[in-house]
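One letter stands for each residue in the lines below.
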2 protein chains.
Amino acid sequence: MYNSKYREISDFFNALSHPVRVEIVAELLNGQKCVSDMRELIKVNQPNVSQHLSVLKSAGVVDWEQTGKRKCYFLKNPARLRKILNSMKEKKNVSGG
Amino acid sequence: MYNSKYREISDFFNALSHPVRVEIVAELLNGQKCVSDMRELIKVNQPNVSQHLSVLKSAGVVDWEQTGKRKCYFLKNPARLRKILNSMKEKKNVSGG
DNA sequence: TAATTATATTATAATATTAGAATGTTTGCA
DNA sequence: TGCAAACATTCTAATATTATAATATAATTA
C-alpha cells in the first residue's frame, strides 16, 4: 500500500514507539538480558514483557539465544542503536525535528 | 505512568511510526513545503495530510509559518533528523537493532 | 516421569490510530 | 461584501495496540 522504503523505516520507528520497548533497548545496551531480568528491571508483568520483546523481534531489533531454561535477548545491532539514541539526546529538546 | 525519559523518546519515535509521516519528513529535508505541495508529492488526501502534519507538530518535529493563503511546514531540526535517518540506512538491514 | 521454572500464546476489554467524508475556518481577491 | 482557495477540524467506521488474566509450552530437575 505504501512506498516500501518509507514503510521499512516507519516499521523500525514503530518498534521503538512505546516507552517499555525503549527501556528494554536501553537495558540491552548494557548487555544481554533474559526475560526474568527484564521483568525485574522494568515494572511490567511477564506476559507483557514477552509481548514487547516479540514486537522488537519482529522488527529485527533484537534476537535471542537459549541458555538453559532461559531466553537471553540481545540487540542485533547495538552500535547503530546507540548512535541513534545518542543523536536524539544531543540537545535538551528530544523531539529532534 | 512511565518513566518520562523513555516516554519522551518513544513519543518522538511514535511521530515517525507511520510511512506517510516518514515520507513527509523526507520531503521536508529538501526544504519547506506547504500542505498542497505535500498533497501532490504524496498520494494522500488533504485532511489526512493535515492530520499527519498535526501529529508531527505535536511531537515537535515540524513547525510552520503562514505565507499568504498557505501554510509552509518545515523541520525544526533538519540536521538531527538527517543524522538519524542516515544512521538507519548505513547497512541494508534497516532494522538496526 | 512428575513437578517446577521460565517464557510464550491466546482471549478479552479498553483505548488509540487511521482514512475518508463532511463541514468549518481563514486568507486573499473580485 | 461575497467568493474561492488553502487548510483544519470533527465525525465515523475500521483496524491496531495495549494490559491483564488465563492457559499453554519448553526446559530442567527431583
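Criteria and thresholds
- Residues numbered from 1 in each chain as written.
- Chains lettered and ligands numbered in written order.
- Predicted model: local features only at pLDDT ≥ 70, side-chain atom pairs only at ≥ 80, totals over all residues.
- Heavy atoms only, no water.
- pLDDT = per-residue confidence, 0-100.
- Contact = heavy atoms within 4.5 Å.
- Phe/Tyr/Trp six-rings, centres within 6.5 Å; stacked < 30°, edge-to-face > 60°.
- Lys NZ or Arg CZ within 6 Å of the ring centre and 35° of its normal.
- Helix = DSSP H or I, 4+ residues; strand = E, 2+ residues; numbered from the N terminus.
- Expected span 1.5 Å × (residues − 1).
- Buried < 20%, exposed > 50% of the residue type's maximum accessible area, 1.4 Å probe, protein only.
- Arc of directions from axis to C-beta.
- Near = heavy atom within 4 Å.
- Polar contact = N/O pair within 3.5 Å; in protein donor to acceptor, adjacent residues only side chain to side chain.

Would you mind showing me how to read the confidence of the model for chain A here?
Reading predicted coordinates in detail is not appropriate for stretches of low pLDDT. Model confidence for chain A is summarised by a mean pLDDT of 91, while 91% of its residues fall at 70 or above. Predicted confidence is poor over residues 92-97 of chain A, with pLDDT under 50, and the contacts of this stretch with residues over four places away or in other chains come to 22 contacts.

Help me out: how do you make sense of the packing of aromatic side chains in this one?
The geometry of two aromatic rings is summed up by the distance between their centres and the angle between their planes. The final tally for this structure, using the stated rule, is 3 aromatic pairs over all chains. In textbook terms, an aromatic cluster arises when at least three aromatic residues are bridged by ring pairs, as seen for Phe12 and Phe13 of chain A together with Phe12 and Phe13 of chain B. The cationic tip of Lys71 of chain A hangs over the ring face of Trp64 of chain A; the distance from NZ or CZ to the ring centre is 3.9 Å.

Even after reading the chapter, I still don't get helix H4 (residues 46-58) of chain A, so can you show me in this structure?
Since one α-helical turn is 3.6 residues long, residues separated by three or four positions face the same way. Residues and elements named next belong to chain A. Given a rise of 1.5 Å per residue, 13 residues ought to cover 18 Å, and the 18 Å separating the end C-alpha atoms of H4 matches this to within 8%. Buried residues of H4: Val49, His52, Leu53 and Leu56, and no others. Here the buried residues of H4 occupy an arc of 100° about the axis, which is enough to place them on one side. The exposed residues of H4 that point more than 90 degrees off its buried face are Pro47, Gln51 and Ser58. Its buried side turned inward, H4 meets helix H1 (4-15), helix H2 (19-28), helix H3 (35-41), strand E2 (62-67) and strand E3 (70-75). Just past H4, the residue Gly60 takes up positive phi, approximately 80°.

What is the right way to read the protein's contact with DNA strand D from this model?
Taken together, 22 residues lie around DNA strand D, and Tyr2, Ser36, Gln46, Ser50 and Tyr73 of chain B are the ones closest in. Taking the atoms of DNA strand D that fall within 4 Å of the protein, sugar and phosphate contribute 65% of them. In the environment of DNA strand D, a phosphate oxygen lies 3.5 Å from a nitrogen or oxygen atom belonging to the side chain of Asn45 of chain A. Here a base nitrogen of DNA strand D sits 2.7 Å away from a polar atom, N or O, in the side chain of Gln46 of chain B. When contributions to the surface near DNA strand D are tallied by element, the ones reaching two or more residues are H4 of chain A together with helix H3 (35-41), helix H4 (46-58) and strand E3 (70-75) of chain B.

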